[in-house]
Amino acid sequence: MRRNLVTMLDELDFATMLSIPTTATLFNEHQELLHATSILKHPVFYRGKNYSGHQPKIDRIPLLRHYAYEHFAAELNQLNEPALIIPLGRIVEATVRTLLHQGRIRKHFLLSGFPHPSGVNGHRKRQFEDNRSYLNQQLIHYFTRSD
């Protein structure tokens, strides 16, 4: 999954925007530029299988809703600088978008349309190509903004 993530980010010239050789270095020598996190920090199983976020919806389970809307939001709000949030997949993007809309997350920027980099996402490459121009526009906006 990391290889797919790095490939997509590098194809968007994200590393150049960060002035690093490749986004792969975010996981070692440039880790100070990365705050990797998850909406749900602990393993979640539903009916004996890994929870995908699709069924049941995160909003319908009080415990999951609490972690997403309280713990995750509080974690992001502790970051000092405005962060670029790169949600990995539609479910995460929708949840982050809701948090931003409700004002639970402040000052951060959401990169919309980034596909989940998992190898099991068979639509990943097509989604990336379809959204590439929009993703580039958003990154340029983020890196040229004035706070």
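Below, the structure is looked at part by part. Since we're looking at a predicted model, the values are computed, not measured. (Residues numbered from 1 in each chain as written. Predicted model: local features only at pLDDT ≥ 70, side-chain atom pairs only at ≥ 80, totals over all residues. Heavy atoms only, no water.)

Moving on, we come to helix α1 (residues 2–11). For α1, the complete set of buried residues consists of N4, L5, V6, M8 and L9. Looking one or two residues beyond α1, the residue adopting positive phi is D13, at roughly 60 degrees. (Buried < 20%, exposed > 50% of the residue type's maximum accessible area, 1.4 Å probe, protein only. Helix = DSSP H or I, 4+ residues; strand = E, 2+ residues; numbered from the N terminus.)

Among the structural elements, Q138 can be located in helix α5 (residues 124–144). Here the alpha-carbon distance between Q138 and A73, two residues 65 residues apart in the chain, equals 22 Å. Apart from the residues within four sequence positions on either side, Q138 is in contact with F109, L110, L111 and S112. (Contact = heavy atoms within 4.5 Å.)

Within the largest apolar cluster, 16 residues are counted, with the highest numbers of intra-cluster contacts made by I39, L40, I58 and F72. Residue contributions to this core peak at 6 residues, all from helix α3 (residues 62–77). Excluding residues that lie within four positions of it along the chain, I58 makes contacts with I39, L40, Y51, G53, L64, R65, A68 and T95. If you look at the next biggest cluster of nonpolar residues, it comprises 15 residues, including F14, L111, F114 and L135. (Core = buried A, V, L, I, M, F, W, Y, C linked by side-chain atoms within 4.5 Å.)

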